Amino acid sequence: MTSRNADAQLDSSDVSGVAGALSTLLVKYPLHKNYYLRVFAQAILTIWAVLTVTFFLVRQMPGNPIDVLIEQILTQEGISYQEAYDRVASSFNFDPDASLFDQYLDYIGDLLRLDMGTSITSPGTRIIDEIARFLPWTLFAVGSGFLISFVLGIILGMSMAYYRDSALDHAMSLISSFFTGVPNYIWGLLIIIGPGISWNWFDVGAARGTYDPGLTPGLNAAFIGSAIEHALLPIITYVLATLGSWMLSMKSSTTGVLNDDYVNVAEARGLKDRRIITAYVGRNAMLPLFAQLSISIGFVLGSGVVIEEIFVYWGFGHYLFQAITVRDYTSVQGAVLILSSTFVFSNLFADLTYGLLDPRVRITGEK
Amino acid sequence: MFDQQREAVLRVEDLSIIYRTKRGDVKATSRVSFDLRPGEALALIGESGSGKTTISLALIRKLPKNAVVTSGNITYRRDDSVQDLLKLSNRQLRAFRWKDCAMVFQGAQNAFNPVLKIRRQFEDTAQSHGWTDKTAIRERALNLLELVRLDPERVYDSYPHELSGGMKQRTLLALGVLLNPQIVILDEPTTALDILTQRAIIDVLNDMQRQLHFSIIFISHDLSLAAEMADTVATVYAGEIVEIGPVNDIFYRSLHPYTYGLLTSVPTLEHMQDHLQSIPGSPPNLIDPPAGCKFHPRCAFATDACHKDSPPLALDIGTHPAACWHKDRLLESRKEPV
């Protein structure tokens, strides 16, 4: 269709010449039919939509950092409004007078050049550097919490299924339902109030931050120990808040698999128990959990905003929270870009790798 | 044909099994005894729920958790060593399973782990029983897959979902004899397969048995399959063996009204639909089975004696043992032209 139109207008317009060439190319190399390219394009499109919504939403928030900064300069230095205005505009690489749409085009244009811009409230600070500074801490805390919770949940859930209807199963079902029912921020507060303040197991004040002041970041025991110590409370919170749902999911899927014929046959084949538990029961029971895994990675990263505020853990969530507080539009945009990309790409990654775990859904050629 | 004189590989004596349920004890198997000789093919025939599968599960000690063996013993012989199967330790049991006695379950559709290649599942089986050389496993597996008339290389490197139902069934048969077992139990080996595939499976089984010399116990309600495959047929009714004997005796000189009923409920080429009969009534409730002969409520020959006393599985009249008080009357009635 496109191709025929393009041919008809070939003489009259350059644009249709490009379109014609493009459609001829697509016929020759059907890239749009390639599954991987298509899901990748979908992912990019999703992120773009999130960024666009974020861009306009943050600017609808009450309060405007640029006016605040202009006012600061005006009162401190006593120069004319126009001078202050010019200085702010030049120092931000940003024109406050430009229409919202022009700002948006600039923003997207910069992004396409892989430039996330600079912070509004601390001029000159590149957002990419800020994110590189804060994100690793969160990845460390969320990642370890997540890993511990997933592995524990798998093991406990499987044992519940193996000993179902025993006292152990009933007790663990109760506990895991309770764990799932309490939201993560409540867990955070409970940890501070209970062991922290009431029982004095640790010094709440000293737990702030990501490592003890005075230490040099690097591969030395003191620093690593301190980093683990400071991350411990958020990690425990993430584990407590997510463990229950892993246990319950794993229990129900293991119970299903245990009734499957192939497990019965594997026992009749005289396979070693460990082989049956890992390769026959465990692997099949874990399949449905992998779909959940990618979704909850994004979810946990997002919930870090509140948890890190509670523990004053200077990670990515803390950074995003601060940026929102001072209406630092560009920083918020940068943080949301990271959040949504993590979410979208972890989902994409799960989709693409699921076939490695389950050969029945393996993508064979074009879909 | 198998050798009548050789010592039995498997001897089941007086085996009784109950299932404990909320509604009471289900007497799934009562006082079952039989011998299985080297190379013999024994068919257990009977209706669904008659206890055929319970007997076979007991042989590989894979009864459900609520099952209790209340009496009897099962002795297994390999060369000169004799084992009491009901007294095996877990370790001995694991070694016994598949290496000595393999069971091809009903519904091979889901018998394979969906996430592992067939190759991996053959290797798992062999390695669990002490094989280490993957090349040797592969060679043996490919030979067996060839024997069941599959494309060995292709099937060996496939995932289960890439095989059709009949292919899976045949692959499972090949896997069943991988460790050269003395006994292969086949539970409804051809159910759920189309008629041509059934034919192929039967031929394959006959071939395999001729070449590998294992004994077969197969469970079926398909009498034509029994007629074709079995040396010996045992009729199971309400958890008891009510008649057992050489296949020809059972089919042409049956002594138990139930066996006879089963035979006449199958259409044959000579006797078409007009003589087809079904057995009236339905199998008894095994929680509270009828007193005396359990078949008497459905039996045309039943008398007072049948209500009171359970007939023994005795060899008194006719060519083989049967548990009925009125074998003479059954034989009499069959002499009359139908």
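About the criteria used
- Residues numbered from 1 in each chain as written.
- Chains lettered and ligands numbered in written order.
- Predicted model: local features only at pLDDT ≥ 70, side-chain atom pairs only at ≥ 80, totals over all residues.
- Helix = DSSP H or I, 4+ residues; strand = E, 2+ residues; numbered from the N terminus.
- Rg over C-alpha atoms; globule rule 2.2 N^0.38 Å.
- Buried ≥ 20, exposed ≤ 12 C-beta atoms within 10 Å, placed from the backbone.
- Contact = placed C-beta atoms within 7 Å.
- Pairing = 2+ DSSP bridges.
- Axes fitted to C-alpha atoms, helices over the stretch in contact; angles between N-to-C directions.
- Domains from an automatic or database assignment.

Chemist: What is the right way to read the overall build of chain A from this model?
Modeler: Within chain A, the secondary structure is distributed over 14 helices and 0 strands. Along chain A, helices (α) and strands (β) appear in the sequence α-α-α-α-α-α-α-α-α-α-α-α-α-α when read from the amino end. Taking 21 Å as the expected radius of gyration for a compact globule of 367 residues, we find that chain A reaches 27 Å, considerably beyond that expectation. Its C-alpha atoms give chain A principal-axis dimensions of roughly 80 × 70 × 40 Å. For chain A, the proportion of its 367 residues judged to be buried stands at 28%. The long-range share in chain A, meaning contacts at least 24 apart out of those at least 6 apart in sequence, stands at 68%.

Chemist: Just checking my understanding: could you explain the sheet that holds strand β4 (residues 67-78) of chain B for this structure?
Modeler: Two pairing modes exist for strands in a sheet, parallel and antiparallel, and in both the strands are linked by backbone hydrogen bonds. All names here are of chain B. Across the sheet, 4 strands lie side by side as β2-β1-β4-β5; this open sheet has antiparallel pairing. Looking at strand neighbours, the two that pair on one side only are β2 (24-36) and β5 (81-84), the edges of this open sheet. Averaged over neighbouring strand pairs, the angle between their axes works out to 15° when direction is ignored. Relative to β4, strand β1 (residues 10-21) runs antiparallel, the two sharing 8 bridges. Bridge pairing in β4 places I17 opposite V69. Together, β1, β2 and β4 form the strand contacts of helix α1 (residues 52-59), whose direction differs from that of β2 by roughly 65°.

Chemist: Whenever I open this one, the domain arrangement of chain A confuses me. Can you help?
Modeler: Accessible area lost when the parts come together is the quantity often used to give the size of an interface. Assigned domains of chain A: these are domain 1 (1-33) and domain 2 (137-361). Each of domain 1 of chain A and domain 2 of chain A was reduced to a C-alpha centroid, and the two centroids are 50 Å apart.

Chemist: Sorry if this is basic, but what is going on with the sheet that holds strand β8 (residues 215-220) of chain B here?
Modeler: Residues and elements named next belong to chain B. One open sheet accounts for 6 strands, arranged β6-β7-β8-β3-β9-β10; its pairing is mixed. Where the open sheet ends on each side, the last strands, each with one partner, are β6 (101-104) and β10 (240-246). Across this sheet, the average inter-strand angle for adjacent strands is 15°, counted without regard to direction. Examined bridge by bridge, strand β7 (residues 183-187) and β8 share 5 bridges and lie parallel to one another. By the bridge assignment for β8, D187 is matched with I219.

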